[in-house]
Amino acid sequence: MANSKRQLFIKRRLRVRNKLRRVNAGRMRLSVHRSSKNISVQLIDDVNGKTLAAASTLEKDLGVVGKNNIEAATKVGAAIAERAKKAGVEEAYFDRGGFLFHGKVKALADAAREGGLKI
């Protein structure tokens, strides 16, 4: 096997991110990271290099500390939509990184859309 799983993941992440940057210039980026134990999301302004809002299952007020399931992803998605509205952001593009748009990542995106964030 010429490439390890990690190398393939990094190639996929860069391919997705570069394509999205070309297509969605000027919009905020909603970046997702999923580990085996947690899921987190950030709303990033790439022009200024600043994070405007973030949400994670590590936050105690969401009530899903240390969980990484579809229910937790839904709560994180709703939280980021609410925080994005407070930051004055209504539109963003969804950067799934190297993760497949399936399961937890899809649940997070759907919850953010239901919360009023246009992605």
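Scroll up to find the structure this text is about.
Quantities reported herein were computed from a predicted structural model and do not represent experimental measurements.

Definitions and limits used
- Residues numbered from 1 in each chain as written.
- Predicted model: local features only at pLDDT ≥ 70, side-chain atom pairs only at ≥ 80, totals over all residues.
- Heavy atoms only, no water.
- Helix = DSSP H or I, 4+ residues; strand = E, 2+ residues; numbered from the N terminus.
- Rg over C-alpha atoms; globule rule 2.2 N^0.38 Å.
- Phe/Tyr/Trp six-rings, centres within 6.5 Å; stacked < 30°, edge-to-face > 60°.
- Buried < 20%, exposed > 50% of the residue type's maximum accessible area, 1.4 Å probe, protein only.
- Contact = heavy atoms within 4.5 Å.
- Axes fitted to C-alpha atoms, helices over the stretch in contact; angles between N-to-C directions.
- Left-handed = near helix turned anticlockwise from the far one by under 90°.
- Nonpolar A, V, L, I, M, F, W, Y, C, P; charged D, E, K, R; others polar.
- Salt bridge = Lys/Arg side-chain N within 4 Å of Asp/Glu carboxyl O.

K.L.:
For the overall build of the protein chain, give the residues involved together with the corresponding values.
P.N.:
When its secondary structure is counted, the protein chain shows three helices and four strands. Along the chain direction, N to C, the helices and strands of the protein chain fall in the order α-β-β-β-α-β-α. Relative to the 2.2 N^0.38 estimate, which gives 14 Å for 119 residues, the radius of gyration of the protein chain is 14 Å and therefore close to what a compact globule would have. With the C-alpha coordinates of the protein chain rotated into their principal frame, the extents come out at 45 × 35 × 20 Å.

K.L.:
How would you explain the packing of aromatic side chains if you had to name every residue and give the values?
P.N.:
What the rule picks out here adds up to two aromatic pairs. Here Phe94 and Phe101 contribute two aromatic rings whose centre-to-centre distance is 5.8 Å and whose plane-to-plane angle is 85°, an arrangement assigned as edge-to-face. When its relative accessible area of 13% is taken as the criterion, Phe94 is described as buried.

K.L.:
Please set out helix H3 (residues 104-114) residue by residue, giving values where relevant.
P.N.:
Among the residues of H3, Val105, Ala107, Leu108, Ala109, Ala111 and Ala112 are the ones counted as buried. Elements that come into contact with the buried residues of H3 comprise strand S1 (28-34), strand S2 (39-45), helix H2 (70-86) and strand S4 (92-95).

K.L.:
I'd like a description of the environment of Ala111, backed by residues and values.
P.N.:
Among the secondary structure elements, Ala111 is positioned in helix H3. Considered as a pair, Ala111 and Ser35 are 76 residues apart in the sequence and their alpha carbons are 19 Å apart. In contact with Ala111, not counting residues within four places along its chain, are Thr74, Gly77 and Ala78.

K.L.:
An account of the packing of H2 against H3 is needed here, citing residue identities and associated values.
P.N.:
At a minimum axis separation of 7 Å, H2 and H3 run at an interaxial angle of 35°. Relative to H3, H2 is oriented so that their crossing is right-handed. Only Lys104, Ala107, Leu108, Ala111 and Ala112 of H3 make contact with H2, whose side of the interface consists of Ile70, Ala73, Thr74, Val76, Gly77, Ala78, Ile80 and Ala81. The residue makeup of the contact of H2 with H3, split by class, is 10 nonpolar, two polar and one charged.

K.L.:
So what's going on with the pattern of salt bridges? Which residues, and what values?
P.N.:
Following the criterion strictly, the structure yields 11 salt bridges and no others. The shortest N-O distance in the salt bridge between Arg27 and Glu91 comes to 3.5 Å. Of the two residues, Arg27 is situated in the loop between helix H1 (5-23) and S1 and Glu91 in the loop between H2 and S4; the sequence distance between them amounts to 64 residues. Note that Arg83 and Glu59 form a salt bridge whose closest N and O atoms lie 2.8 Å from each other. You can see Arg83 sitting in helix H2 and its partner Glu59 sitting in the loop between strand S3 (50-56) and H2, a full 24 residues away along the chain. Here Arg83 falls in the partly exposed class, since its relative accessible area comes to 24%. Connected through salt bridges with shared partners, the residues Arg17, Arg29, Asp46 and Asp95 form a single ionic network.

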